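Now for the letters of each chain:
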Amino acid sequence: MPQYVLGIETSCDDTSAAIIRDDGFVMASAISSQDDVHRPFGGIVPEIASRNHTHFLLNLVESAFQKSKLNWSDISGIGVTNRPGLLGSLLVGVVTAKSLALAYKIPFIGIHHLEGHIMAPFLRDDIYQPPHFWETPFLALVVSGGHTSIFKVEKFGSYKLLGETIDDAAGEAFDKFAKMLNLGYPGGAVIDRLSKEGDARAYAFPRGLIKEDSLNFSFSGLKTAALLQLNKMNDEEKNKNLKNLCSSFQEAIVDALVTKVEKALRQENINKVIVTGGVSANSRLRQRMEEMVKKHSIECLIPPLRYCTDNAAMIGYAGLKHLDRKERSDLQMGVFARSDLQNA
Ligand code: KG4
Ligand code: ZN
């Protein structure tokens, strides 16, 4: 009999519930994005995010059951994000998971959001069928709105941080640049789209820490350089050069990411890498990663777009693997705004 786990994700502004089979097959994934709600504010308003989670979450759980044609009696446990994230948002998912676990007498486990992202490339469905969880070790570039880190995945549950951003996350840099150009929130996907017709060499933006041996990233210098460039331009010039500005900015981020991953693979003598998190949806990053891994005969997995940004399927899959190892959380489990992945 296959096992099924319910996943719940509410760490930021996306509300999501999903049901995962023990081989990583996504039986159902229901997501409600709050982008439209937060857009007028130019960023996430935590109080509004948590209130919306309470409105959407149980309906999404219900719709995951409907889509999967499964019942509560088929579910052997719940995986829920409890760290890191916005405290009010995390609380909604965690309190809901605890209540459901208590009501249906099933175990639950708190999941580190980044461990979820690391599982995303190994999810499967009717269209996307990657290999099963790789033999370890392999590297993981986790690149999202809140994180930009390279991990060595030593085995499931054991992650060594090799490098991370010392200031902004890559997604945050995309979003801030989009805000400077009044392109709306979140800005990554818009910049990606506009960049396709732009010239990446039009503006020489800095690549932070790229020449350093460390595997850390820095995007604050890029942000300042972009702001100084925009301050020199009037609205008409900005509009005329919008695609070139976006493309040059995007290239600076992608260059830094790919260069550091290449360095990490060489340094660790590893030939497998995954790229995951919201920014892994970026088409230029995907293309540059493909070129780089081809050159060095490296195996690389990047999830399809539906599993790049926040979703409960990846949390359910991480939950399934922990529950399989007989790990469980109890009703005292808390939520944490910050948390190292090493302790997952
Ligand atoms: O993983 P995610 O959904 O949430 C966090 O855990 O942060 O990532 C959201 C981030 C946002 O900053 C968004 O602008 C960025 O991912 N993003 C992209 C693209 N799609 C989403 N950045 C660049 N290119 C994209 N196509
Ligand atoms: Zn995320």
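Here we summarise the structure given alongside this text.

Now for the overall build of the protein chain. Within the protein chain, the secondary structure is distributed over twelve helices and ten strands. Taken against the 2.2 N^0.38 rule, which gives 20 Å for 344 residues, the C-alpha radius of gyration of the protein chain at 20 Å falls within 12% of a compact globule. By its C-alpha atoms, the protein chain is 60 × 45 × 35 Å across when sized along the principal axes. When the 344 residues of the protein chain are sorted by exposure, 56% land in the buried category. The long-range share in the protein chain, meaning contacts at least 24 apart out of those at least 6 apart in sequence, stands at 73%.

Taken in spatial order, the five strands line up as β3-β2-β1-β4-β5 in an open sheet, and their pairing is mixed. Because the sheet does not close on itself, it has two edges, and the strands there are β3 (26-32) and β5 (108-112). Put simply, the sheet's adjacent strands are angled 20° from each other on average, direction ignored. Alignment of strand β1 (residues 4-9) against strand β2 (residues 15-21), held across six bridges, turns out to be antiparallel. The partner of Gly-7 across the bridge, within β2, is Ala-18. Across the face of the sheet, helix α2 (residues 46-68) comes into contact with β1, β2, β3 and β4 (75-83) while running at roughly 25° to β2.

Here we take up the environment of Val-261. With respect to the helices, strands and loops of the structure, Val-261 is situated in helix α9 (residues 242-268). Taking the relative accessible area as the measure of exposure, Val-261 reaches 2% and is therefore buried. The spatial distance from the C-alpha of Val-261 to the C-alpha of Ala-344 is 22 Å, given a sequence separation of 83 residues. Residues within four places of Val-261 in sequence aside, it is in contact with Leu-141, Ile-150, Val-273, Met-289 and Met-292.

Ligation of the zinc ion (ligand 2) by protein atoms is provided by His-113 (NE2), His-117 (NE2) and Asp-310 (OD), these donors lying 2.0 to 2.1 Å from the ion. Summarised as a motif, the one-chain spacing of the donors to the zinc ion (ligand 2) is H-x3-H-x192-D. Taken together, the positions of His-113 in helix α4 (residues 113-119) and Asp-310 in the loop between α11 (305-308) and α12 (312-324) put the pair 197 residues apart, joining distant regions of the chain. What makes Asp-310 buried here is its relative accessible area of 14%.

Turning next to α9. In an α-helix there are 3.6 residues to a turn, and that puts residues three or four apart on one side. Across its 27 residues, α9 extends 39 Å between first and last C-alpha, which sits within 8% of the 39 Å expected from 1.5 Å per residue. Of all 27 residues in α9, 22 are buried, a share of seventy percent or more.

We now examine the pairing of strand β7 (residues 148-155). Counting buried positions along β7 gives six out of eight residues, so the element sits mostly inside the fold. With six bridges joining them, strand β6 (residues 138-143) and β7 adopt antiparallel strand pairing. Considered in β7, the bridge of Val-142 is made with Ser-149. Counted along the chain from β6 to the antiparallel partner β7, the turn is four residues long. Bridge count for β7 against strand β8 (residues 158-164) is six bridges, and the pairing is antiparallel. Of the residues in β8, the one forming a bridge with Lys-155 is Ser-158. Between the end of β7 and the start of β8, which pair antiparallel, lie two residues, with Gly-157 showing a positive phi angle near 95°.

Another aspect to go through is the nonpolar core. Leu-183, Phe-219, Phe-249, Ile-253, Leu-285 and Met-289 are the most contacted members of the largest nonpolar core, which totals 47 residues. Mapped by element, the contributors of at least two residues to this core are β6, α5 (170-180), α6 (188-195), α7 (220-231), α9, β9 (272-276) and α10 (283-295). Here this core gets 13 residues from one element, more than from any other, and that element is α9. Other than its neighbours up to four places away in sequence, Phe-219 contacts Thr-148, Thr-165, Asp-167, Asp-168, Ala-169, Ala-170, Ala-173, Ile-253, Ala-256 and Leu-257. Formed by 34 residues, the second largest nonpolar core is a distinct cluster that contains Ile-109, Tyr-159, Tyr-307 and Met-314.

What counts and how
Per chain, residues are indexed from 1 in the order of the written sequence. By the order in which they are written, chains take letters starting at A while ligands take numbers starting at 1. Per-residue local features of the predicted model are confined to residues with pLDDT of at least 70, and side-chain atom pairs are confined, for both listing and counting, to 80 or more; whole-chain, interface and lining totals are unaffected and use all residues. Side-chain numbers here rest on the full set of heavy atoms in the structure, without hydrogens or water. Counting from the N terminus, the helices are DSSP H or I runs at least four residues long and the strands are E runs at least two residues long. The atom set for the radius of gyration is the C-alpha atoms, and the globule formula is 2.2 Å times the number of residues raised to the power 0.38. Accessible area is worked out with a 1.4 Å probe on protein chains only. A residue is then buried under 20% of its type maximum, exposed over 50%, and partly exposed in between. Contacts are residue-level and defined by heavy atoms, with any inter-residue pair within 4.5 Å sufficient. A pair of strands is treated as paired once DSSP finds two or more bridges between them. Every angle, taken between N-to-C directions, lies between 0 and 180 degrees, and every axis is a line fitted to C-alpha atoms, over only the stretch in contact when it is a helix. Any nitrogen, oxygen or sulfur atom within 2.8 Å of a metal ion counts as a donor, with the limit raised to 3.2 Å for Na, K and Ca, and since water is left out, coordination shells can look unfinished. Expected helix span is computed as 1.5 Å times (number of residues minus one). Only buried residues count toward a nonpolar core, which is a set of Ala, Val, Leu, Ile, Met, Phe, Trp, Tyr and Cys residues joined through side-chain atoms within 4.5 Å.

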